[in-house]
Amino acid sequence: MDTLLQHYNPVSTNQVKTWFKACLEKDIPENGGACIKYQNKQIAIFNYKRKQKWYACQNLCPHKMEMVLSRGMIGDTEGIPKIACPMHKKTFSLETGENLNGDLPSIATFPVKLENGFVYIGFSE
């Protein structure tokens, strides 16, 4: 199972080598998420309309190793945007990937940009 986690490494904006055209903006529900596939990765994308921001992270929850985060509920804790796993409510920062209510490993987060109605996710490979 740990090998599955090894596919996901966080990417900062200055590390981006590829901007992957993931979908149309209208494909992602307001204040909700969806999943896209890039190479061997499942990536969760969130349109956090209340904050006027977009986020992307691995779809894999490190708690039970399930591909479910795109179906989780977004919210915030003390101003930190977060995603709650729909299975056991483990929460992760959408900005840093840090586990906010436990000692689970962080999740990988990815830069997002919008251009001409499309959503792009930044990857380092």
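Quick summary incoming for the structure in this document. (Residues numbered from 1 in each chain as written. Predicted model: local features only at pLDDT ≥ 70, side-chain atom pairs only at ≥ 80, totals over all residues. Heavy atoms only, no water.)

1. Re the sheet that holds strand β2 (residues 32-38)
And then number 1: Strand order in the open sheet formed by four strands is β2-β3-β4-β10, and the pairing between neighbours is antiparallel. This sheet does not close on itself; its edge strands, each paired only once, are β2 and β10 (109-110).
And then number 2: Sheet topology note: the strand β3 (residues 41-48)/strand β4 (residues 53-58) ladder contains six bridges and is antiparallel. Counterpart to I45 in the pairing with β4 is A56. (Pairing = 2+ DSSP bridges. Helix = DSSP H or I, 4+ residues; strand = E, 2+ residues; numbered from the N terminus.)

2. A short note on the packing of aromatic side chains
And then number 1: For the structure shown, the criterion picks out four aromatic pairs.
And then number 2: Consider the rings of Y38 and F123, whose centres lie 3.8 Å apart with planes at 5 degrees: the pair is stacked. Of this pair, Y38 sits in strand β2 while F123 sits in strand β12 (residues 118-123), and the two are 85 residues apart along the sequence.
And then number 3: Here Y38 falls in the buried class, since its relative accessible area comes to 7%. (Phe/Tyr/Trp six-rings, centres within 6.5 Å; stacked < 30°, edge-to-face > 60°. Buried < 20%, exposed > 50% of the residue type's maximum accessible area, 1.4 Å probe, protein only.)

3. Describing the side chain of N99
And then number 1: Looking at where N99 falls in the secondary structure, it is placed in the loop between β9 (91-93) and β10.
And then number 2: Those residues in contact with N99 that lie beyond four places of it in its chain are T91, F92, L104, P105 and S106. (Contact = heavy atoms within 4.5 Å.)

4. Topic: the nonpolar core
And then number 1: Counting residues in each nonpolar core, the largest one holds 20 residues, and the members touching the most others are I43, I45, F110 and I121.
And then number 2: If you list the elements that add at least two residues to this core, you get β1 (18-24), β2, β3, β4 and β12.
And then number 3: Element by element, the count of residues in this core is highest for β12, at three residues.
And then number 4: Residue contacts for I45: discarding those within four places in its chain leaves A22, C23, I28, G32, G33, A34, I36, W54, Y55, A56, V119 and I121.
And then number 5: Residues A44, Y48, V68 and I74 belong to the second largest nonpolar core, which totals 15 residues. (Core = buried A, V, L, I, M, F, W, Y, C linked by side-chain atoms within 4.5 Å.)

Treat this as a map of the structure, not an account of what it does.
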